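The lines below spell out each chain.
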Amino acid sequence: MKLTARGRYAVTAMVDLAMHEHEGPTSLSDISDRQTISLPYLEQLFAKLKKSNLVDSVRGPGGGYHLSRSCREIFIADIVDSVNEQVDATRCAGKADCQGGETCLTHELWSDLSEQIHNFLSGVDLASLVGKREIQKIAKRQMAFQDTNLRSRDKSTLLPATQI
């Protein structure tokens, strides 16, 4: 199965956004810090997510992104599709030219698997992920780690230049 980093990172970022939805708009730098995804890459992903009406942006101080609709109305397949990612188990990218320009014996099997995976992801919404205890536990750990890093950065900026 081929699901690249683009699809995985988009889903991860959207789960993070959903986990922090109650806090107001979330900055991409916060998502970047928590999920260790580069900020420029997140900017590219969120441009596509916004174009697909999965997120809305808020400008200005305290701005960032928030979900454009309820977590229950955003499905993982929507996210993967929005970043032009395909779940494809075939070795021919679904073109049916896997064996010297012709269809191979197992093309239909792998094509059906790809469809089943997409159907599965179409049935999983953000709310179901956010509600999982293990995911909540990981989010708390990430927040604690981010808070610790922010405090240590703040302390280093308060030191006189001679102590740095």
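Structural data are supplied above this passage.
None of these values were measured; they are calculated from a predicted model.

**Q** Please clarify how the overall build of the protein chain should be interpreted in this entry.
**A** The helix and strand inventory of the protein chain stands at seven helices and two strands. For the protein chain, the N- to C-terminal ordering of α and β elements is α-α-α-β-β-α-α-α-α. Buried positions account for 36% of the 164 residues belonging to the protein chain. Considering only contacts within the protein chain whose residues lie at least 6 apart along the sequence, 65% involve residues at least 24 apart. On the protein chain, roughly 10,200 Å² of surface is accessible, and the fraction owed to carbon and sulfur atoms is 53%.

**Q** What is the right way to look at the pairing of strand 2 (residues 64-67) in this model?
**A** Residues in a regular strand point their side chains to alternate faces of the sheet. For strand 1 (residues 55-58) and strand 2, the ladder comprises four bridges, and the chain directions are antiparallel. Bridge pairing links Asp-56 to His-66 in strand 2.

**Q** Explain the state of the cysteines here, please?
**A** Here, the word disulfide means a covalent bond between the sulfur atoms of two cysteines. Evaluated as defined, the whole model comprises zero disulfides. Cys-104 carries a free sulfur, and the closest cysteine sulfur to it, the one in Cys-98, is 3.4 Å from it.

**Q** Please explain the side chain of Glu-85 as it appears in this structure.
**A** Note on placement: Glu-85 falls in the loop between helix 4 (76-82) and helix 5 (107-122). In terms of polar contacts, Glu-85 uses its side chain to reach the side chain of Thr-4, at 2.7 Å. Within the local environment of Glu-85, its side chain forms a polar contact with the side chain of Arg-6, the two groups lying 3.3 Å apart.

**Q** Teacher, can you tell me more about the nonpolar core here?
**A** For soluble globular proteins, nonpolar side chains are generally found buried alongside one another. Core analysis: the biggest nonpolar cluster contains 36 residues, and Met-14, Phe-46, Ile-76, Ile-79 and Leu-126 have the highest contact counts within it. Mapped by element, the contributors of at least two residues to this core are helix 1 (5-19), helix 2 (28-35), helix 3 (39-51), strand 2, helix 4, helix 5 and helix 6 (126-130). Beyond its immediate sequence surroundings of up to four residues, Leu-126 is in contact with Met-14, Val-15, Ala-18, Leu-67, Cys-71, Ile-74, Ile-76 and Ile-79.

**Q** What am I meant to see in the pattern of salt bridges here?
**A** In a structure, side chains of opposite charge can pair up when their charged atoms sit close to one another. Applying the stated rule across the entire model yields two salt bridges. Glu-85 serves as the salt-bridge partner of Arg-6, at 3.3 Å between the closest nitrogen and oxygen. One end of the pair, Arg-6, is in helix 1; the other, Glu-85, is in the loop between helix 4 and helix 5, with 79 residues separating them in the sequence. For Glu-85, a relative accessible area of 6% gives the class buried. Residue Arg-34 pairs with Asp-16 through a salt bridge whose shortest N-O separation is 2.7 Å. A residue pair is termed long-range when its members are at least 10 positions apart, and Arg-34 in helix 2 and Asp-16 in helix 1 qualify at 18 residues. Each of the two residues, Arg-34 as well as Asp-16, counts as buried.

**Q** Help me understand the packing of helix 1 against helix 2 in this model?
**A** Angle between the axes and distance between the axes: these two values describe a pair of packed helices. Two numbers describe how helix 1 lies on helix 2: the axes approach to 10 Å, and their chain directions differ by 110 degrees. The orientation of helix 1 relative to helix 2 falls into the category roughly perpendicular. When you trace helix 1 past helix 2, the crossing you get is right-handed. Of helix 2, the residues touching helix 1 (which contributes Thr-12, Ala-13, Asp-16 and Leu-17) are Ile-31, Arg-34 and Gln-35. Residues belonging to the contact of helix 1 with helix 2 are distributed by class as follows: three nonpolar, two polar and two charged.

**Q** So what exactly am I meant to see when it comes to the side chain of Gln-142 here?
**A** Along the chain, Gln-142 turns up in helix 7 (residues 133-158). A distance of 2.8 Å separates the side chain of Gln-142 from the side chain of Gln-35, its partner in a polar contact. Residues contacting Gln-142, with those up to four places away along its chain left out, are Asp-16, Arg-34 and Gln-35.

Basis of the calculations
Residues numbered from 1 in each chain as written. Predicted model: local features only at pLDDT ≥ 70, side-chain atom pairs only at ≥ 80, totals over all residues. Heavy atoms only, no water. Helix = DSSP H or I, 4+ residues; strand = E, 2+ residues; numbered from the N terminus. Buried < 20%, exposed > 50% of the residue type's maximum accessible area, 1.4 Å probe, protein only. Contact = heavy atoms within 4.5 Å. Areas by Shrake-Rupley, 256 points an atom, 1.4 Å probe, with all protein chains shown as cover. Pairing = 2+ DSSP bridges. Disulfide = S-S within 2.5 Å. Polar contact = N/O pair within 3.5 Å; in protein donor to acceptor, adjacent residues only side chain to side chain. Core = buried A, V, L, I, M, F, W, Y, C linked by side-chain atoms within 4.5 Å. Salt bridge = Lys/Arg side-chain N within 4 Å of Asp/Glu carboxyl O. Axes fitted to C-alpha atoms, helices over the stretch in contact; angles between N-to-C directions. Parallel < 35°, antiparallel > 145°, perpendicular 65-115°, else oblique. Left-handed = near helix turned anticlockwise from the far one by under 90°. Nonpolar A, V, L, I, M, F, W, Y, C, P; charged D, E, K, R; others polar.

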